[in-house]
2 protein chains.
Amino acid sequence: MRCDVVAVGTELLLGQIVDTNSAWIGEQLALNGIDSLTQIKIGDNVGRIEAVLRRLLADADAVIVCGGLGPTHDDVTREAIAAVMGVELREDPVVAMVIRDLFAARGRPMAANNLRQAQVPDGAVVIPQTRGTAPGLICPVGDKVVYAVPGVPHEMRDMLERAVLPDLRARNTDPAVIVSRVLRTWGESESGLNERLDDIVARLDVAGDPTLAFLARGWNGLEVRLTTRQPDEQAAARVLDEWEAEVRGRLGALVFGVGDESMESVVLDLLRDESLTVAIAESVTGGLVAARLTEVPGASDAFRGSLVSYASEVKFGVLDVTPGPVVNAPAAAEMAEGAMRVLGSSVGVGVTGVAGPAEQDDVPVGTVFVAIAIAGAETITRQLRLPGQRDQIRQFAVINALDLLRRQLVLRVGAT
Amino acid sequence: MRCDVVAVGTELLLGQIVDTNSAWIGEQLALNGIDSLTQIKIGDNVGRIEAVLRRLLADADAVIVCGGLGPTHDDVTREAIAAVMGVELREDPVVAMVIRDLFAARGRPMAANNLRQAQVPDGAVVIPQTRGTAPGLICPVGDKVVYAVPGVPHEMRDMLERAVLPDLRARNTDPAVIVSRVLRTWGESESGLNERLDDIVARLDVAGDPTLAFLARGWNGLEVRLTTRQPDEQAAARVLDEWEAEVRGRLGALVFGVGDESMESVVLDLLRDESLTVAIAESVTGGLVAARLTEVPGASDAFRGSLVSYASEVKFGVLDVTPGPVVNAPAAAEMAEGAMRVLGSSVGVGVTGVAGPAEQDDVPVGTVFVAIAIAGAETITRQLRLPGQRDQIRQFAVINALDLLRRQLVLRVGAT
């Protein structure tokens, strides 16, 4: 089965936005065993969108169109699809009601053009909106199909997972399943992981299934992804269980999670298991450690808070750090212990460093100190030398701090 | 003049790499007044690359192909272009010599397949390599042209600037520039902006230039983008100045910045102008307000720090918030004032709310209170009703808080 992708938006052609949607969709299609042979960016022009859809449908079984579903005059994806289907647009009363209710709930007046989003090609099935105001569309064209989804990434992903991929799977006559399992790692480079898994990679190259791939996810770590194509989910799970065990045998504590687990969710789970609470004192990361922990719903039962001590005087006055230079291991340790004391937790994390662009107190850009304080144990510190620009240094400081906390908590569990 | 773009590589379709090349090329083409109406990702398949090139050349004057010029068996861009030109490949002796010399200079043996990169379609002009081993190609097809450049971004950019763009400019009989100006807004929906600019949009639709587009940037706000095509930069600036003034006349304080300005950089500039410093007390946003302000290099001269008071006891004990329910306007005000006092700033921001998934103390998900305290002025508060899921509520709370701070600072400047 073949499904091509069209990203609509003049801003994409002008390079004002990079189209990341089609890459994400391509990945999802591959995971579902569906080929995607052409992915096209096209401007907000109804005639050109129509022509591209007709051309792709000549070869592909399905086309996913992202973008051009908004309320304004330059959103013309609906019109182009209706032209390809050879039907008129009609107002869908349910969609119109949802849009009206949404504005009413926010207590805001609704501009009339918002109802453009309720215009649906005759014969299309609506994918209800759960986040934005534009619904998605499933549009049959003979025995083929065009899917329309919003260009806003989180709305697009939601609709793909909820409606488009299930519909594609139902249409796919090749009944194999392609299942992946992701092991999340931190603390080793891609080539380092590759070397540790050298002979497993060689054996899989010969066997052909499962495949093993490495994927760098920035501050979410490095993924080791096993993918297998099997007759059913049970067979796939058996194969993945076997190879996951092999990979874990080589990587040990480098693996911090599997599947949907994140560094922050794993850390919070470990804290809860030990009935501990954590507080942060962070300067270089400017609130990102706290922001990342509080991404997890229910973080409040293990996370007390964070003191973003950006000005040195806040470190001295509030956290009781010894006055003087503040980018060094003793300052990180005093920050961690100060956070415990001020915010009333049983675990403290201190993060101080230089993210640039300029060095600070003769400390070079990329130098970061992390400290972990646990009530009743000696505070430990680590010095990091992080590569990259300001943003990358800050993000890598966050995952390194959380990973150090994770390892200390795992050690503690092992010791009790 | 029209120049389309083809990015070659199966890994692009599978989403293992995001194609950023075509966006960069699109931006360069626009700056040179050249239209780019279609940008396509295609796999490493000689027949499909040839078919795409033929189809694009039917309408476009030129096509830039990125990638597929390497030494391995799956690099087939050269073969596809030769087929479109109707010529054979021949070995270019100069290119072959450069490749041999490069390996000799590195003291490494050269695998024979490296000489595949010296294969050039008969009649093509070589763009010498200065960074990698693959040369670029300028390939005439009748009175049109195909350019081939490597897929490695810095090699691609080098060849574009050095050879492709100059060649395109020389061929362009319509010497124009296309220039955009972005006005960044917050506080009004896309359709609301559209309605406020209704007659301007109508006039521009008739005039055809400049064009006006809206772009939702999530927690970076909504962009209003004016784009004009003019004989030179000066003429473009005049047109954009004129229409920017018209748009600003309608949108007033909704416009928080222009071009590269961000909400956080604008807020920090306003604080510096008034010699003020700011401190944050945030719970629902969990550190994101601070993280966003500290994205800006040099934030430390106006940003003191943040107290992420996630646990209610931290609000009561550290910030001196009155014990009781904490998601309401008085609590937000006490947080803002507590942040000022504890962190030693002249401005305080308090943010408290419910991001979900569950309601808290009977307060529904999406309810957020923001307070702005400025030394010597009365503390103001706002209640927000934010849509969406947890992450969206948190992000929208951040930009709303910063925007409220911005508006208070602008009022203060206006009053003095």
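Whatever comes next refers back to the structure up there.
Described below are features of the structure shown in this document.

Rules used throughout
- Residues numbered from 1 in each chain as written.
- Chains lettered and ligands numbered in written order.
- Predicted model: local features only at pLDDT ≥ 70, side-chain atom pairs only at ≥ 80, totals over all residues.
- Heavy atoms only, no water.
- Helix = DSSP H or I, 4+ residues; strand = E, 2+ residues; numbered from the N terminus.
- Buried < 20%, exposed > 50% of the residue type's maximum accessible area, 1.4 Å probe, protein only.
- Contact = heavy atoms within 4.5 Å.
- Areas by Shrake-Rupley, 256 points an atom, 1.4 Å probe, with all protein chains shown as cover.
- Lys, Arg positive; Asp, Glu negative; His and termini not counted.
- Charge placed at Lys NZ, Arg CZ, Asp CG, Glu CD.
- Phe/Tyr/Trp six-rings, centres within 6.5 Å; stacked < 30°, edge-to-face > 60°.
- Lys NZ or Arg CZ within 6 Å of the ring centre and 35° of its normal.
- Salt bridge = Lys/Arg side-chain N within 4 Å of Asp/Glu carboxyl O.
- Pairing = 2+ DSSP bridges.
- Right-handed = clockwise from strand over helix to strand, strands pointing away.
- Polar contact = N/O pair within 3.5 Å; in protein donor to acceptor, adjacent residues only side chain to side chain.
- Buried area = accessible area lost by both parts, 1.4 Å probe.
- Axes fitted to C-alpha atoms, helices over the stretch in contact; angles between N-to-C directions.

Looking at the overall build of chain A
Counting its secondary structure elements, chain A contains 14 helices and 17 strands. Viewed in the frame of its principal axes, chain A has a C-alpha envelope of about 75 × 60 × 40 Å. Classification of the 416 residues of chain A by burial places 58% in the buried group. Sequence separation of at least 24 residues holds for 68% of the intrachain contacts in chain A that already meet a minimum separation of 6. Looking at chain A as shown, the accessible area adds up to about 16,200 Å², and 51% of this sits on carbon and sulfur atoms. Charged side chains in chain A number 39 positive and 56 negative. The centres of these two groups are separated by 2 Å.

Quick word on the packing of aromatic side chains
One pair of aromatic rings is described through two measures. These are the centre distance and the angle between the planes. Tallied over the full model, the rule gives 4 aromatic pairs over all chains. In this arrangement the basic side chain of A:R292 is found over the ring face of A:W219, its NZ or CZ atom lying 4.6 Å from the centre.

Details of the pattern of salt bridges
Tallied over the entire structure, the rule returns 48 salt bridges over all chains. Between A:R196 and A:E188 there is a salt bridge, with its nearest N and O atoms 2.9 Å apart. Judged by relative accessible area, A:E188 falls into the partly exposed class, the value being 24%. For the salt bridge of B:R203 with B:D199, the shortest nitrogen-to-oxygen distance reads 3.9 Å. A residue pair is termed a helical-turn pair when its members lie 3 or 4 positions apart in one helix, as B:R203 and B:D199 do in helix α8 (residues 198–207) at 4 residues. Relative accessible area serves as the criterion here: at 37%, B:R203 is assigned to the partly exposed category. Given a relative accessible area of 34%, B:D199 falls into the partly exposed group. A single network of salt bridges, built from pairs that share partners, joins A:E27, A:R184, A:E223 and A:R225.

With respect to the pairing of strand β13 (residues 278–282) of chain A
Residue and element names in this part refer to chain A. β13 sits mainly inside the fold: 5 of its 5 residues count as buried. Burial along β13 is two-sided: the face carrying V278, I280 and E282 and the face carrying A279 and A281 are both buried. As paired strands, β13 and strand β14 (residues 303–309) are joined by 5 bridges and run parallel to one another. Pairing of I280 across the sheet is with S306, part of β14. Handedness of the crossover joining β13 and β14 through helix α11 (residues 288–293): right-handed. Here β13 runs beside strand β15 (residues 347–353); their pairing, made up of 5 bridges, is parallel. Looking across to β15, one finds that A281 is bridged to G350.

Quick notes on helix α4 (residues 77–85) of chain A
Residue and element names in this part refer to chain A. Burial within α4 is extensive, with 7 of its 9 residues counted as buried. Along α4, the residues classified as buried are T77, R78, A80, I81, A82, V84 and M85. The first or second residue beyond α4 is G86, which carries a positive phi of 70 degrees.

Topic: the side chain of B:E244
Residue and element names in this part refer to chain B. Along the chain, E244 falls in helix α9 (residues 233–251). In terms of polar contacts, E244 uses its side chain to reach the side chain of R181, at 2.8 Å. If sequence neighbours within four positions are ignored, E244 has contacts with R181, L183, L226 and V258.

Considering the interface of chain A and chain B
At the junction of the two partners, chain A supplies 69 residues and chain B supplies 71 residues. Across the interface of chain A and chain B, roughly 5,500 Å² is buried in total on both sides, 56% from carbon and sulfur atoms. If you look at where chain A meets chain B, you find 2 salt bridges. For the pair chain A and chain B, the interface holds 33 residue pairs in polar contact (both at pLDDT 80 or more).

Description of the sheet that holds strand β7 (residues 136–141) of chain A
A sheet is described by the order of its strands in space; here 12 strands give the open sequence β6(A)-β7(A)-β8(A)-β3(A)-β1(A)-β2(A)-β2(B)-β1(B)-β3(B)-β8(B)-β7(B)-β6(B), paired in mixed fashion. Two strands close off the open sheet at either side, each with one partner strand: β6 (125–127) of chain A together with β6 (125–127) of chain B. Between one strand and the next, the sheet's axes are offset by a mean angle of 20 degrees, whatever the strand orientation. Across 5 bridges, β7(A) lies against strand β8 (residues 144–149) of chain A in antiparallel orientation. Bridging from a neighbouring strand, A:L137 pairs with A:A148 of β8(A).

Some thoughts on unusual backbone geometry
In this structure, A:P210 follows A:D209 across a cis peptide bond, with omega equal to -5 degrees. Inspection of the secondary structure puts A:P210 in the loop between α8 (198–207) and β10 (211–216). In this structure, B:P357 follows B:G356 across a cis peptide bond, with omega equal to 10 degrees. Despite not being glycine, A:S275 has its phi angle at roughly 55 degrees, a positive value. Here A:S275 lies in the loop between α10 (263–273) and β13. Although it is not a glycine, B:D320 adopts a positive phi angle of roughly 65 degrees. Within the element layout of this structure, B:D320 appears in the loop between α12 (312–317) and α13 (329–343). Overall, the relative accessible area of 55% leaves B:D320 in the exposed class.

Overview of the sheet that holds strand β9 (residues 177–185) of chain B
Residues and elements named next belong to chain B. Within the open sheet, the 4 strands sit side by side as β10-β11-β9-β12. Their pairing is antiparallel. Bordering the open sheet on either side are β10 (211–216) and β12 (255–258), each of which pairs with just one other strand. Ignoring which end each strand starts from, the neighbouring axes of this sheet average 25 degrees apart. By the bridge criterion, 3 bridges tie β9 to β12 in an arrangement that is antiparallel. Each bridged residue has a counterpart across the sheet, and for L183 the counterpart in β12 is V258. This element, α9, spans β9, β10, β11 (222–230) and β12 of the sheet and lies at about 25 degrees to β9.

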